[in-house]
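Here is how the chains run, residue by residue.
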Amino acid sequence: MTVIFSRKSVIWVLVMLLLGCDRQFAPEAMFDAYIQDLNRSAHVQIDVAPEMTLQALPALRERQQALSQFDVGLLEFLSLQQCEVGALAGQRNSILGRVMPASQRFVYELDIIRAIRQCDIEDSELHSKLNDVARVKASELPITLSNLLWAGEETGAFFSLSNGYLPMAPERSQYQALIAALQHLQRLNDNLADIPKVSSAAIEADMQAIYESEYLGKLLYSITHISAYLESVTQAVQGVSEQSDMCGAPLTFLRQQFERHYIDLLQPYMARINRAAYQVLPLVNKLADSSPIQSEAWRSFIQQFDDQQANAPWQRYLRASREHGQAWSRLFALCGEGVGAR
């Protein structure tokens, strides 16, 4: 029986056999192969120097903010046993309660505010004192959420630059769990004034999705290095366009490399990067903008993920992608050909 494979399928099989579906630096090998094959042309000489400086996640002290501390005296604690406030106060004052992770602290703060507001306290002095506590805690909810997002245990993995590129395998590059988690956290952020009710399990699931994604570090690493590759190719193609003897066999060879490497493999990979990033980056920026962190180190760091600033990595990446395609289009047009024509 004869089995017929498409050209693209054969390439994918070879790539996956040689590189493995999820190797951290498989995309780099793919871009290197693209440039190496282009350099086989006597008309092209591409040198890529992708070494660049990226800002690493600032120290915890630059991202974490202190919350007001409140003590409930023993007699007051005993008088509140009929309310949930007493149980929550006891939970907070326990050994484990004093070292709550950021995720559990966020849930606790919401619960204690709600409990105070719902508790019928006859002692007017105690009632006034606890409502003052609830008011201050409500005003500090943006800090509590900020600590959850940017100072929790999951933050280091989310921003790590040591995990290489975003994966090439389509089933690993959708990030639907991450997107759903960020959307949920954004809804909570938008409704903090209403003291939203949220379970520990829901928050833990959100933070687990963030932790497992390792997304923002991989995204920054990926788009910064891809930009360097594309800019180098663009510069070389623009130089080729100025040569008078490119039509015919020389251009045919270059077209083959462009289609084999970029059209068949790299462009689909970049399209998957774009689909996820167009959903993730606006959510991340909204959450970051809502944070009351004042640290200059943090603000400088998080601006690397700005999706609007012209000099930020994301816009540089989009610009490099666009100019790369335009350079090839102009080269093909000089010989009366179109991009991607077979």
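Data block above holds the structure.
Residues numbered from 1 in each chain as written. Predicted model: local features only at pLDDT ≥ 70, side-chain atom pairs only at ≥ 80, totals over all residues. Heavy atoms only, no water.

Colleague: Could you give me a rundown of the environment of Ser103, with the residues and numbers involved?
Modeller: Examined against the element boundaries, Ser103 turns out to sit in helix 5 (residues 102-118). Classification of Ser103 as buried rests on a relative accessible area of 4%. With 101 residues separating them in the primary sequence, Ser103 and Glu204 have C-alpha atoms 6.7 Å apart. Non-local contacts of Ser103, meaning those with residues more than four positions away in its chain, are made with Leu148, Ile203, Glu204 and Met207. (Helix = DSSP H or I, 4+ residues; strand = E, 2+ residues; numbered from the N terminus. Buried < 20%, exposed > 50% of the residue type's maximum accessible area, 1.4 Å probe, protein only. Contact = heavy atoms within 4.5 Å.)

Colleague: Mind laying out the state of the cysteines, listing which residues take part and the relevant values?
Modeller: Applying the stated criterion across every chain yields a total of one disulfide. Disulfide pairing places Cys247 opposite Cys335 at an S-S distance of 1.9 Å. Here the S-S torsion is close to -95 degrees, and the disulfide linking Cys247 with Cys335 is therefore left-handed. On the criterion of sequence distance, the pair formed by Cys247 in the loop between helix 11 (215-241) and helix 12 (249-290) and Cys335 in the segment after helix 14 (313-334) is long-range, its members being 88 residues apart. (Disulfide = S-S within 2.5 Å.)

Colleague: Explain the packing of helix 2 (residues 26-38) against helix 12 residue by residue, including any values.
Modeller: Their axes nearest at 9 Å, the elements helix 2 and helix 12 cross at an angle of 165 degrees. Viewed along their axes, helix 2 and helix 12 adopt a mutual orientation that is roughly antiparallel. Helix-helix and strand crossings are classified by hand; for helix 2 and helix 12 the assignment is left-handed. Facing Pro27, Met30, Phe31, Ala33, Tyr34, Asp37 and Leu38 of helix 2, the residues of helix 12 in contact are Phe253, Leu254, Gln257, Phe258, Arg260, His261, Tyr262, Leu265, Leu266, Tyr269 and Met270. The residue makeup of the contact of helix 2 with helix 12, split by class, is 14 nonpolar, two polar and two charged. (Axes fitted to C-alpha atoms, helices over the stretch in contact; angles between N-to-C directions. Parallel < 35°, antiparallel > 145°, perpendicular 65-115°, else oblique. Left-handed = near helix turned anticlockwise from the far one by under 90°. Nonpolar A, V, L, I, M, F, W, Y, C, P; charged D, E, K, R; others polar.)

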